[in-house]
Amino acid sequence: MNGTGPLIDVIAGARPNFMKIAPILRALKARQAAGSHLRVRLVHTGQHYDERMSGDFFRQLGIPDPDVNLEVGSGTQAEQTAAIMVRYEQLLLSARSALCLVVGDVTSTMACAIAAQKLRVPVAHVEGGIRSGDWGMPEEINRLVTDAITDWFFTTSEVANANLRKAGVADERIFFVGNTMIDTLLANRAQFRPPSFWAETGLREGQYFVMTLHRPANVDDSQGFANLLRAVGQAVRGLPVVFPVHPRTAKTLSALPDKPAGLLLVDPQPYLEFNYLVQHARGVITDSGGVTEETTVLGVPCVTLRDTTERPETVTIGTNELIGTDPAALKPALDRLFAGQWKKGGVPDKWDGRTGERIAALLEELLGEGRTPAAQRR
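Keep in mind that what you see is a predicted model, and the values were worked out from it rather than measured. (Residues numbered from 1 in each chain as written. Predicted model: local features only at pLDDT ≥ 70, side-chain atom pairs only at ≥ 80, totals over all residues. Heavy atoms only, no water.)

Draft legend 1. Quick look at the pattern of salt bridges. Per the stated rule, a full pass over the model turns up 20 salt bridges. E293 serves as the salt-bridge partner of R311, at 3.0 Å between the closest nitrogen and oxygen. Here R311 is found in the loop between β12 (302-304) and α13 (313-316), whereas its partner E293 is found in helix α12 (residues 289-298), with 18 residues between them in sequence. With respect to class, R311 is no different from E293; both count as buried. (Salt bridge = Lys/Arg side-chain N within 4 Å of Asp/Glu carboxyl O. Helix = DSSP H or I, 4+ residues; strand = E, 2+ residues; numbered from the N terminus. Buried < 20%, exposed > 50% of the residue type's maximum accessible area, 1.4 Å probe, protein only.)

Draft legend 2. Quick peek at unusual backbone geometry. The backbone of E71 shows a phi angle near 55°, a positive value even though the residue is not glycine. Within the secondary structure, E71 sits in the loop between β3 (68-69) and α3 (77-94).

Draft legend 3. Inspection of the packing of α3 against helix α4 (residues 107-118) at higher detail. The contact between α3 and α4 brings their axes to 8 Å, and the two run at 45°. Judged by the angle between their axes, α3 and α4 are oblique. Seen along the crossing, α3 lies across α4 with a hand that is right-handed. Judged by residue contacts, Q77, Q80, T81, I84, M85, Y88, E89 and L92 of α3 engage T107, S108, M110, A111, C112, I114, A115 and A116 from α4. The residue inventory of the contact of α3 with α4, partitioned by class, reads 10 nonpolar, 5 polar and 1 charged. (Axes fitted to C-alpha atoms, helices over the stretch in contact; angles between N-to-C directions. Parallel < 35°, antiparallel > 145°, perpendicular 65-115°, else oblique. Left-handed = near helix turned anticlockwise from the far one by under 90°. Contact = heavy atoms within 4.5 Å. Nonpolar A, V, L, I, M, F, W, Y, C, P; charged D, E, K, R; others polar.)

Draft legend 4. Structural detail: the nonpolar core. By size, the foremost hydrophobic cluster in this structure holds 59 residues, and its most contacted members are I63 and F154. At 8 residues, helix α1 (residues 15-33) tops the list of elements feeding residues into this core. In contact with I63, not counting residues within four places along its chain, are F18, I21, A22, L25, L42, F57 and F58. L239, L256, L263 and L334 belong to the second-largest nonpolar core, a separate cluster that totals 28 residues. (Core = buried A, V, L, I, M, F, W, Y, C linked by side-chain atoms within 4.5 Å.)

Draft legend 5. Quick look at the environment of T201. Position of T201 among the secondary structure elements: in the loop between α7 (180-188) and β8 (209-212). When the C-alpha atoms of T201 and L264 are compared, they prove to be 8.7 Å apart, with 63 residues separating the residues in sequence. Of note is the side chain of T201, whose polar atom sits 2.6 Å from the backbone oxygen of F197. Engagement of the side chain of T201 in a polar contact is seen with the backbone oxygen of W198, the distance being 3.3 Å. (Polar contact = N/O pair within 3.5 Å; in protein donor to acceptor, adjacent residues only side chain to side chain.)

Draft legend 6. The pairing of strand β10 (residues 263-266), seen in detail. Alignment of strand β9 (residues 241-244) against β10, held across 4 bridges, turns out to be parallel. Counted as the bridge partner of V242 is L264 from β10. (Pairing = 2+ DSSP bridges.)

The structure is reproduced here in structure tokens:
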């Protein structure tokens, strides 16, 4: 943070954020080395606070230790939101920044954006404009609130751009830059490595599935979750299913009397190991948005157990198919996969590994010009 140039707060708080901030921090550091006066303060809210959900990712992705850790820890969504807002406000009051840069759609994203705008610190949102249309998802509320008070939007797709324009955002505040998650994926692809259990469990490339589930609609109801797991077991034709168990899912899973024989329950995996599993899988079964982006770029068939998606380009362009939450839809989908009838898919525009560089260049231009984004808002 040395220097006298504009100070940018880069906010991270939960696992999905870490892949998105890494290329931005790397690009800003490169600009600083080339003479940029921009300064960066990495603020970790502590929303994900254990080693598996935070520490492993920082180390593997080369993210520096945070300049500030708000250490909010666990709690309900309201408790976490309130704690983040209070502690980030205190930070801004003691050492004001020129810009609050938030990424994605977690609680930290929304909470820091609110605290910043209340103190008239401009907000830039990386991944602005994405929408699922499902207000039952906490992430959708976070997106709507954040974008309602964002000054500058860094977007991943033309769909996101259209969503923002429909909401009345002027074109001069929208910057189509691409996808920082894909920057991280491409930068680390050569370092992907098998997890510790790979050999002992006899996994073979192309002969297993990866599954991630954590949405309330899929995992909170014990009977519905049991039905879904039974459908998975019937659809995968005896192939093992590697299932990194999200903390939210573990509680429901532990109460189930029986599970499919081929289900391989493992802890949440570090970035390099998880994406090794994805890259070499026969296919992925998920309810995550971020995983569908990674499978699209890796060319891996992906089945999404949701009724809506905030990343429609993974369906219209990529390898993802949205099949809903009815377990009965899973077998027909995987039958097509086993029959070799899955779409090949392509990669969306600007998902090329250079998004962080584009964001850093824009930040230098915007802050260097001394723009006053608040005056541009309606």
